[in-house]
Amino acid sequence: MEIILKEDLIGLGYKNDIVNVKSGYGRNYLIPTGKGVIASPSAKKQLAENLKQQASKLAALKAEAEKKAAQLDGVELVIATKVSATGVTYGSVNAATVVEELAKRGIEIDRKIVTMRDMKKVGTSEATVHFHKEVEVKVPVTVVAENQPAPAVEEAPVEQPAEAPVAEEETPAAE
């Protein structure tokens, strides 16, 4: 079944795209929710005419998307999270976490345009930000252990003999 999309649906297509979907998905979800219409010959003509009339507006939207994408150029995210002894995170780092981290840097992005696989271990991955159907940016995301640097700091005082009793006092408090 051919459907003309009325809004962007990540994973399916973008606004004004003609996509093939299973008839049940089109009839039961896309058409009733207003996210798409049946691609009849008359609807295709109307779509072509609308695209001609809106060409300058679409070019402006693309330029705005490229401007937003330029803000993310060279951005690398390092997210510190709690990690178990086996290297598995408590919870997962996902698109919502990436959006929160970008907001801390002053870059406001809608959570719905960010896609990535959930990260449940320490390591690196990529988040893709879809600003426009022709403009998308890949942001590298590194997950590090939030509690890993702390033991390295505790080892330094143990090496110095003068501070050894201080380290022993901290040990029972930690237990």
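Above: the structure in question.
In this text, all values refer to a predicted model and were calculated from it rather than measured experimentally.

Draft legend 1. Layout of the overall build of the chain. Within the chain, the secondary structure is distributed over 6 helices and 9 strands. Across the 175 residues in the chain, those meeting the buried criterion constitute 29%. Put simply, of all contacts in the chain between residues at least 6 apart along the chain, 50% involve residues at least 24 apart. Within the structure as shown, the chain displays about 11,800 Å² of accessible surface, and the carbon and sulfur contribution to it stands at 51%.

Draft legend 2. The side chain of Thr128, seen in detail. The topology assignment puts Thr128 in strand 8 (residues 123-132). There is a polar contact of 3.5 Å between the side chain of Thr128 and the side chain of Lys138. Beyond its immediate chain neighbours, meaning those up to four positions away, Thr128 contacts Ile113, Val114, Thr115, Glu136, Val137 and Lys138.

Draft legend 3. Geometry of the environment of Thr115. Tracing the backbone shows Thr115 in strand 6 (residues 114-115). Between the alpha carbons of Thr115 and His130 there is a distance of 8.0 Å; along the sequence they are 15 residues apart. Sequence-distant contacts of Thr115, that is, excluding residues within four places in its chain, are made with Ile10, Glu126, Ala127, Thr128 and His130. Of note is the side chain of Thr115, whose polar atom sits 3.0 Å from the side chain of His130.

Draft legend 4. The pattern of salt bridges, seen in detail. This model, assessed by the stated rule, comprises 6 salt bridges. Across the pair Glu2 and Lys44 runs a salt bridge, and its minimum N-O distance is 2.9 Å. Separated by 42 residues along the polypeptide, Glu2 in strand 1 (residues 2-5) and Lys44 in helix 2 (residues 41-53) bring together distant segments of the chain. The class for Glu2 is partly exposed, based on a relative accessible area of 33%.

Draft legend 5. Summary view of the packing of aromatic side chains. One pass over the structure, following the stated rule, counts 1 aromatic pair. Measuring from ring centre to ring centre gives 5.6 Å for Tyr25 and Tyr29, while their planes differ by 20°; the resulting arrangement is stacked. Here Tyr29 and Tyr25 lie together in helix 1 (residues 23-30), a separation of 4 residues that amounts to about one turn. Since its relative accessible area comes to 37%, Tyr25 is described here as partly exposed. A relative accessible area of 34% means that Tyr29 is categorised as partly exposed.

What counts as what
Residues numbered from 1 in each chain as written. Predicted model: local features only at pLDDT ≥ 70, side-chain atom pairs only at ≥ 80, totals over all residues. Heavy atoms only, no water. Helix = DSSP H or I, 4+ residues; strand = E, 2+ residues; numbered from the N terminus. Buried < 20%, exposed > 50% of the residue type's maximum accessible area, 1.4 Å probe, protein only. Contact = heavy atoms within 4.5 Å. Areas by Shrake-Rupley, 256 points an atom, 1.4 Å probe, with all protein chains shown as cover. Polar contact = N/O pair within 3.5 Å; in protein donor to acceptor, adjacent residues only side chain to side chain. Salt bridge = Lys/Arg side-chain N within 4 Å of Asp/Glu carboxyl O. Phe/Tyr/Trp six-rings, centres within 6.5 Å; stacked < 30°, edge-to-face > 60°.

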